[in-house]
Amino acid sequence: MSAIKPARRWQPAFFPFKKESFGKRLLAKVEFSVKGPLFGCRMCGNCLLQETAFICPMECPKGMRNGPCGGITPEKNCYVDETRKCIWYAIYKRALKTGREETLLEVLPPLDWNKVGTETWGDVIRQIKKVGTRKFVGGIISGDKIIKAATWDSVFKTIRQPEWWSGDADYHPAPEREPVTDLERQLREGKFVVATEVTPPLGAGTDKLIRDIESVKPYVTAINFTDSSSARPKMSSIACCSVAINQGSEPVFQIAARDTTRSGLQSTVIGANAIGIKNILCVTGDNSIIGPSPTSNMNLLDIDSVQMLWIIRKMRDDGVYLDGRSYKNLPRLFLGSATSPFALEPELQALKDQKKVNAGAQFFQTNLIFEPERLDLWLEQLDKRNVLNKVFILVGVAPIKSYKVAQYLHTKVPGVSLPEKILMRMENAGESASEEGVQIALEVIDSVKRKQGINGIHIMTLGWESIVQRLVTESGLGLPTR
Ligand code: SF4
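Residues numbered from 1 in each chain as written. Predicted model: local features only at pLDDT ≥ 70, side-chain atom pairs only at ≥ 80, totals over all residues. Heavy atoms only, no water.

**A closer look at the overall build of the protein chain**
So the rule is basically this: Helix numbering and strand numbering both begin at the N terminus, where a helix is a DSSP run of H or I of at least 4 residues and a strand a DSSP run of E of at least 2. Only the C-alpha atoms count toward the radius of gyration. The rule for a globule is 2.2 Å times the residue count to the power 0.38. Think of it in three bands: residues with accessible area under 20% of the maximum for their type are buried, residues over 50% are exposed, and the middle band is partly exposed, with areas taken using a 1.4 Å probe on protein chains only. Should any heavy atoms of two residues lie within 4.5 Å, those residues are counted as being in contact. Here the positive residues are Lys and Arg and the negative ones are Asp and Glu; neither His nor the chain ends is included. Here the site of a charge means atom NZ of a Lys, CZ of an Arg, CG of an Asp or CD of a Glu.
Scanning the protein chain from terminus to terminus reveals 16 helices and eight strands. For 482 residues, the compact-globule estimate of 2.2 N^0.38 gives 23 Å, and the protein chain sits close to it at 23 Å. If one aligns the C-alpha atoms of the protein chain with their principal axes, the spans along those axes are about 70 × 55 × 45 Å. Expressed as a percentage of its 482 residues, the buried residues of the protein chain come to 54%. Intrachain contacts of the protein chain at a sequence separation of at least 6 include 78% that bridge at least 24 residues. Averaging the coordinates of the 64 positive side-chain charges in the protein chain and doing the same for the 53 negative ones gives two points 7 Å apart.

Okay, structure coming up:
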């Protein structure tokens, strides 16, 4: 471990897909021998080091390029490999320490795999020449912060932000228009909204799925269908959404980056909208390390959830695919994302969430919350960043059925931890554990429904769909208007 690179080791370097000229191969070797030990560089060929506090983000097993996932452990280790620190946590901490945290807001592109394994120094040298070597050096050593930043960007922004991506750190509001879904309409009307989840079936039969949808339908505005949660295959989210639409319910289509490529995402979004799906929730997805054996690829996502939001927002608002092709009949979508309010310190978590909102998130559904009082600091930070007026927040609430389920959530689900007092309550409840679980959920609902900045709840049923009616009626939330 060097003084510059804070993590324990870096993963193997990427190799180029095609044979490069001798000069380029030599330059790549020299670049890796310097950047590897110093920054943890893996030769992704799409260098972002200048924006990531000079720590290579490709050390993250998922290859997240826009900030940490929600699965970071309470010790700030990576849940995919708990023997090392979350590299994105290190990046955030160093950026904060050096006063460069605002640079982390820029939405960074996915890899251009044509460049993977190749050198970047050649591009840098060519770009410096284009700008003018003397002008570049003069700007970089200038005492004027604005000139310095502009000079830096004149070289590095063109490299890290290719034309096909053109990411920035700005907020891009959805165009003024009528709400496209009941969920959006009710949130915009200021109603306290209830959404829930119905568990997708294992087999191809839809009888139980239809029964579950029918049982929650009168009490909620929208129903989420997870996308192979915990990396376990089930009926696809899009198929469940289609069944829900046929039953007269409003679905929230979840798409996990884990199983999604950029081309698959774009085709799926167009197809989903064509069959009437208008609420989309972009999530990173649990890594396959927590899924069943045999374990599938744990390394590198093609796109992360921020990039998903960026791509879908541009498809919706500009009618363009990532490759620049344009089309008529733009999809009408209400875009959301997941967030883990307690994954990082509130200040850092708010930074990550602001990036998602800038990229296109119009609503958040949070991870499971058992300590609602801890939300206040996070909400304060979001408010400080002027984000609360740009996004609707639905708090994740779970009725826990047993002590075993509580332990499972606490130890096995990335990003979820139950406080000792909740675990004790569930354990001490013995035979009445399910009733205790309901009381805990009701207490959370009671607390969050009075919080400024919270716009609703998202009941994660954990397969206990029949409890939704009781939670909604006993918490006095009232039935949704259609
Ligand atoms: S997978 Fe998540 S927890 Fe692990 S390094 Fe990447 S962002 Fe951090």
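**Regarding the side chain of E184**
By the element assignment, E184 lies in helix α6 (residues 182-188). Filtering out sequence-adjacent residues up to four positions away, E184 remains in contact with R177, P179, F334 and Q362.

**Focus: the pattern of salt bridges**
As a reminder, the rule being used: One side-chain nitrogen of Lys or Arg within 4 Å of one carboxyl oxygen of Asp or Glu is enough to make a salt bridge.
One pass over the structure, following the stated rule, counts 30 salt bridges. With its nearest N and O atoms 2.9 Å apart, the salt bridge here joins R385 to E102. Here E102 lies in the loop between α2 (87-97) and α3 (121-131) and R385 lies in the loop between α12 (375-384) and β7 (392-397), a separation of 283 residues in the sequence. Two residues, D123 and K115, come together in a salt bridge whose shortest N-O distance is 3.9 Å.

**Remarks on the site of the ligand**
Under the convention used in this document: Each residue is tested against the molecule or strand, and it is near if at least one of its non-hydrogen atoms lies within 4 Å. In this classification, Asp, Glu, Lys and Arg are treated as charged, Ala, Val, Leu, Ile, Met, Phe, Trp, Tyr, Cys and Pro as nonpolar, and every other residue, Gly included, as polar.
In the region of the ligand, the neighbouring residues are C60, P61, K62, P68, C69, I72, C78, Y79, V80, C86 and I87. When its residues are assigned to classes, the shell around the ligand shows ten nonpolar, no polar and one charged.

Purely geometric stuff here, so don't read any function into it on its own.
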